[in-house]
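Examining the three-dimensional arrangement
Listed here are the chains, written in short residue letters.
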Amino acid sequence: PLPYDGIHLINRAALITYLRQLLQGDAERAPFEYVGSEQRIGEDLRITSQGTPLTVRLGGIIDRIDRRDGITRIVDYKTGGKEEGCSSLDDLFGRSAKNRKKYVFQAFYYSWLMSRKHPDARISPALLYTSRTAHTDYDPTLKYGKEPVTDFRAACFDDFDKQMTALIAEIFDSDKPYTQNPHIEACRYCDFCPICGRKPAK
């Protein structure tokens with residue numbers, strides 16, 4: 001049998017609270033169509049690297065998809081964080097960024113894949129922080145610049161597509177070596193520190 005002690009009771013109470021808040025938020029947003037959770041998505045990206053055409057399979061697992069008023073919302077759940085969008089795509093693709101917005105990148109990446117698969121759909125990326133669901137005015141829709149993204153294709157699809165394609169092509173280019181982020185603190189929680197030999201201060 002699994003051990004069951006005080007910390008499990010605390011975790012259980014917190015989980016129940018978050019679930020009630022999420023359900024309350026859904027009730028206030030209703031009516032909407034719940035499309036699904038843990039949805040796998042995959043798309044082929046055709047690139048040219050060193051003069052050689054390649055087809056790269058990209059994909060991921062989307063936490064949640066729902067739809068209302070003709071807008072398909074791509075939701076990525078997070079337990080905590082402060083990212084609410086980005087001012088430009090440099091915040092996502094910039095090599096020298098000290099605090100690259102990886103959560104926003106993930107949500108935009110899923111929206112990009114969905115936009116490629118469903119070019120006529122209005123895709124809206126969202127980061128839903130469970131710790132903030134108790135606020136009645138909370139809106140998880142991500143912003144690009146100062147505007148909420150309710151149509152990813154219209155907002156930034158073309159630029160994101162170009163930068164993502166260039167990035168993948170560079171990864172496959174053996175003439176371009178990998179380089180470390182100049183800001184060592186950006187590597188603090190990276191799983192690959194043992195590979196590149198970095199040891200950020202704890």
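Structure shown above.
Reference entry: report on the structure contained in this document. None of these values were measured; they are calculated from a predicted model. (Residues numbered from 1 in each chain as written. Predicted model: local features only at pLDDT ≥ 70, side-chain atom pairs only at ≥ 80, totals over all residues. Heavy atoms only, no water.)

**Remarks on the overall build of the protein chain**
Note the following rule: By the criteria applied, helices consist of DSSP H or I runs no shorter than four residues and strands consist of E runs no shorter than two, each listed in order from the N terminus. Only protein chains enter the accessibility calculation, which uses a 1.4 Å probe. A residue is then buried if its area is under 20% of the maximum for its type, exposed if over 50%, and partly exposed in between. Residue contacts follow a heavy-atom distance rule, with two residues in contact if any of their heavy atoms lie within 4.5 Å.
Assigned secondary structure in the protein chain consists of 5 helices and 7 strands. Helices and strands in the protein chain line up, N terminus first, as α-β-β-β-β-α-α-β-β-β-α-α. Seen through its C-alpha atoms, the protein chain measures out along the principal axes to roughly 55 × 45 × 40 Å. By residue count, 35% of the 202 residues in the protein chain fall in the buried class. Put simply, 61% of the contacts in the protein chain that link residues at least 6 apart link residues at least 24 apart.

**Points about the environment of I62**
By secondary structure assignment, the location of I62 is in strand β2 (residues 52–68). Accessibility expressed as a relative area gives 1% for I62, which makes it buried. For the pair I62 and G36, spaced 26 residues apart in sequence, the C-alpha to C-alpha distance is 9.0 Å.

**Quick word on the nonpolar core**
Where we set the bar: Take the buried residues of types Ala, Val, Leu, Ile, Met, Phe, Trp, Tyr and Cys, join any two whose side-chain atoms come within 4.5 Å, and each joined set is a nonpolar core.
Counting 37 residues, the largest nonpolar core has L58, L92, F108, Y109, W112, F152 and F160 as its most contacted members. Put simply, the parts of the chain that give this core at least two residues each are β1 (33–49), β2, β3 (71–78), α2 (90–93), α3 (102–117), β5 (122–129) and α4 (152–171). Here this core takes 8 residues from α3, the largest share from any one element. Y109 has contacts with L58, G59, F160 and M164, leaving out every residue within four places of it along the chain.

**Overview of helix α1 (residues 6–29)**
To be explicit about the condition: A helix is expected to span 1.5 Å for every residue after the first.
The end-to-end C-alpha distance of α1 is 35 Å, a good match for the 34 Å that 24 residues give at a rise of 1.5 Å each. The set of residues buried in α1 consists of Q21, L22, D26 and R29. In this fold, the buried residues of α1 make contact with β2, β3 and β5.

**Observations regarding the packing of α3 against α4**
The cut-off we apply is this: Orientation is described by lines fitted to C-alpha atoms, with helices fitted over the stretch in contact, and by angles between N-to-C directions that extend from 0 to 180 degrees. For classification purposes, an angle smaller than 35 degrees is called roughly parallel, one larger than 145 roughly antiparallel, one from 65 to 115 roughly perpendicular, and anything else oblique.
The N-to-C vectors of α3 and α4 enclose an angle of 100 degrees; their axes lie 10 Å apart at closest approach. The orientation of α3 with respect to α4, classified from their angle, is roughly perpendicular. The segment α3 lies against α4, with F105, F108, Y109, S111, W112, S115 and R116 engaging F152, R153, C156, F157, F160, D161 and M164.

**Observations concerning unusual backbone geometry**
Here the residue pair A30 and P31 is connected by a cis peptide bond, since its omega of 5 degrees sits within 30 degrees of zero. The topology assignment puts P31 in the loop between α1 and β1. Even without a glycine there, the phi angle at E38 is positive, about 50 degrees. By the element assignment, E38 lies in strand β1.

**Brief notes about the side chain of D161**
Structurally, the position occupied by D161 is in helix α4. If near-sequence neighbours (up to four positions away) are discounted, D161 is found in contact with W112 and R116.

**Structural notes on the pairing of β1**
Rule in force here: What makes two strands pair is DSSP finding at least two bridges between them.
Where β1 and β2 come together, 15 bridges link them in antiparallel fashion. The residue bridging S49 from the neighbouring strand is T52, located in β2. The antiparallel hairpin formed by β1 and β2 contains 2 residues in its connecting segment, where Q50 sits at a positive phi of about 55 degrees.

**A short note on the sheet that holds β2**
One open sheet holds the 4 strands; their spatial order is β1-β2-β3-β5, and the pairing between them is mixed. The open sheet has two free edges, formed respectively by β1 and β5, since each of these has just one partner strand. Looking at each pair of strands side by side, their axes are set apart by 45 degrees on average, direction ignored. Here 8 bridges tie β3 to β5, and the two strands are oriented parallel to one another. Note on β5: the bridge partner recorded for I74 is P125. Together, β1, β2, β3 and β5 form the strand contacts of α3, whose direction differs from that of β5 by roughly 155 degrees.

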